[in-house]
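# Chains, contacts and geometry: an overview
What follows is each chain in one-letter form.
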Amino acid sequence: QVQLAESGGGLVQAGGSLRLSCAASEGTLVRYNMGWFRQAPGKEREFVSAISQPSWSGYSIMYADAVKGRFTISRDNAKNTVNLQMNSLNPEDTAVYYCAASLSKWSKISSDYNYWGQGTQVTVSS
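In this report, we go over the structure that sits alongside the text. (Residues numbered from 1 in each chain as written. Predicted model: local features only at pLDDT ≥ 70, side-chain atom pairs only at ≥ 80, totals over all residues. Heavy atoms only, no water.)

Judged by pairing direction, the sheet is antiparallel, and its 4 strands sit side by side in the order E1-E3-E8-E7 without closing on themselves. Because the sheet does not close on itself, it has two edges, and the strands there are strand E1 (3-7) and strand E7 (71-76). Across the sheet, the axes of successive neighbouring strands diverge by a mean angle of 20°, strand direction being ignored. With 5 bridges joining them, E1 and strand E3 (residues 18-26) adopt antiparallel strand pairing. Considered in E3, the bridge of Glu6 is made with Cys22. (Pairing = 2+ DSSP bridges. Helix = DSSP H or I, 4+ residues; strand = E, 2+ residues; numbered from the N terminus. Axes fitted to C-alpha atoms, helices over the stretch in contact; angles between N-to-C directions.)

Given below as structure tokens:
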């Protein structure tokens, strides 16, 4: 089992950057496929990015089209964290951002993830 906690959210102007971090208070994140999702007010939770468990060839990464080229997901195994660097933010990125962990699937589907953090608020002003 793993317990997740997000940090790094806040208020930023359009065009700015934020770096979110997902840390595990219990468990080792390298064992898990990790995902970032977000939920804006009145909208369903949506996929943002995911990074796979390590393999002989490294990691597999995928992004939602809406964030491709602006967001970068990465692992810091020494710190047992998964990070989401968010650049060129716009008001449409305003949401609560959640990290999630899955032992079995590297996926865009939220129901494939077994463990979730409490979320961190990101607000982008215009």
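Our next topic: unusual backbone geometry. The backbone phi angle of Asn80 is positive, close to 60°, even though this residue is not glycine. The topology assignment puts Asn80 in the loop between E7 and strand E8 (81-86). Given a relative accessible area of 18%, Asn80 falls into the buried group. Although it is not a glycine, Ser88 sits at a positive phi angle of roughly 50°. As for its position among the elements, Ser88 is in the loop between E8 and strand E9 (95-102). Relative accessible area serves as the criterion here: at 43%, Ser88 is assigned to the partly exposed category. (Buried < 20%, exposed > 50% of the residue type's maximum accessible area, 1.4 Å probe, protein only.)

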